[in-house]
Amino acid sequence: MASKQEIAQIFEDIANNLDPAVTDDLNATIQFDLDGDNGGLYWVKVGEGEVLSGTGPAENPEMTLLALADDWAALVDGELNPMQAFMSGRLKIQGNMNLALKLQTLLGSA
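Residues numbered from 1 in each chain as written. Predicted model: local features only at pLDDT ≥ 70, side-chain atom pairs only at ≥ 80, totals over all residues. Heavy atoms only, no water.

Participant: Just to check I follow, could you spell out the overall build of the protein for this structure?
Facilitator: Of regular secondary structure, the protein possesses four helices and five strands. The C-alpha atoms of the protein give 13 Å as radius of gyration, which agrees with the globular expectation for 110 residues (13 Å, within 12%). Projected onto its principal axes, the C-alpha positions of the protein cover 35 × 30 × 25 Å. Contacts in the protein between residues far apart in sequence, at least 24 positions, make up 64% of those at least 6 positions apart. (Helix = DSSP H or I, 4+ residues; strand = E, 2+ residues; numbered from the N terminus. Rg over C-alpha atoms; globule rule 2.2 N^0.38 Å. Contact = heavy atoms within 4.5 Å.)

Participant: Just checking my understanding: could you explain the sheet that holds strand β2 (residues 40–47) for this structure?
Facilitator: Hydrogen bonds along the backbone pair up the strands of a sheet, which may run parallel or antiparallel. Read from one edge to the other, the open sheet built from five strands follows the order β3-β2-β1-β4-β5, with strand pairing classed as mixed. Strands with a single pairing partner mark the edges of an open sheet, and in this sheet they are β3 (50–55) and β5 (91–95). The mean inter-strand angle of the sheet, taken between neighbouring strand axes irrespective of direction, is 20°. Relative to β2, strand β1 (residues 28–35) is paired through seven bridges, and the arrangement is antiparallel. Within the sheet, the bridge partner assigned to glutamine 31 lies in β2 and is tryptophan 43. Where helix α1 (residues 4–17) meets the sheet, it contacts β1, β2 and β3, and its direction lies at approximately 5° from that of β2. Along the sheet, helix α2 (residues 69–76) makes contact with β1, β4 (63–68) and β5, crossing β4 at roughly 105°. (Pairing = 2+ DSSP bridges. Axes fitted to C-alpha atoms, helices over the stretch in contact; angles between N-to-C directions.)

Participant: What exactly am I supposed to notice about the packing of α1 against α2 here?
Facilitator: Packed helices, taken two at a time, are described by the angle between their axes plus the distance between the axes. For the pair α1 and α2, the least separation of the axes is 10 Å and the interaxial angle reads 40°. Regarding the angle of α1 to α2, the classification is oblique. Regarding α1 and α2, the two cross each other, and that crossing is left-handed. For the pair α1 and α2, the contacting residues are Ile7, Ile10, Phe11 and Ile14 in the first and Ala69, Trp72, Ala73 and Val76 in the second. (Parallel < 35°, antiparallel > 145°, perpendicular 65-115°, else oblique. Left-handed = near helix turned anticlockwise from the far one by under 90°.)

Participant: Looking at this model, I keep getting lost on the layout of surface pockets. Mind explaining?
Facilitator: Empty space among the atoms becomes apparent when a probe as large as a water molecule is rolled across them. Each pocket or cavity is described by its volume, and for the largest pocket that value is around 220 Å³. Lining the largest pocket we find 14 residues, and of these Pro82, Leu91, Ala100, Leu101 and Gln104 sit closest to its centre. Put simply, the parts of the chain that give the lining of the largest pocket at least two residues each are α2, α3 (82–87), β5 and α4 (97–109). When residues in the lining of the largest pocket are grouped by element, the largest group, six residues, is from α4. The residue inventory of the lining of the largest pocket, partitioned by class, reads 13 nonpolar, one polar and no charged. (1 Å grid on protein atoms, 1.4 Å probe; cavity = no way out; pocket = protein on both sides within 12 Å on 5 of 7 lines; lining within 4 Å. Points joined across faces, edges and corners; volume = space filled by probe spheres on them. Nonpolar A, V, L, I, M, F, W, Y, C, P; charged D, E, K, R; others polar.)

Rendered as structure tokens:
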């Protein structure tokens, strides 16, 4: 089980390691609603040549990802297939489904 600090670190790593050039065609905010004792609300904002992350509710997110925090950590670590997680209901998407499809590519470059 990932700790709350490890979960928070995932979002810091995304903001620090994602190449803004990969996000040139994006201008979006993604809300992550992670459940469980180690969960919480996180967001990632991509656009205008920068990637930012934070905690709490995002303002007007284009997409919200809902999952258990441990499932999210496993997905980021490559231990959980995103498509299988989505099809089995372990990962839920609200909002822009095209953005959800791009998320996998973005995470692969972070």
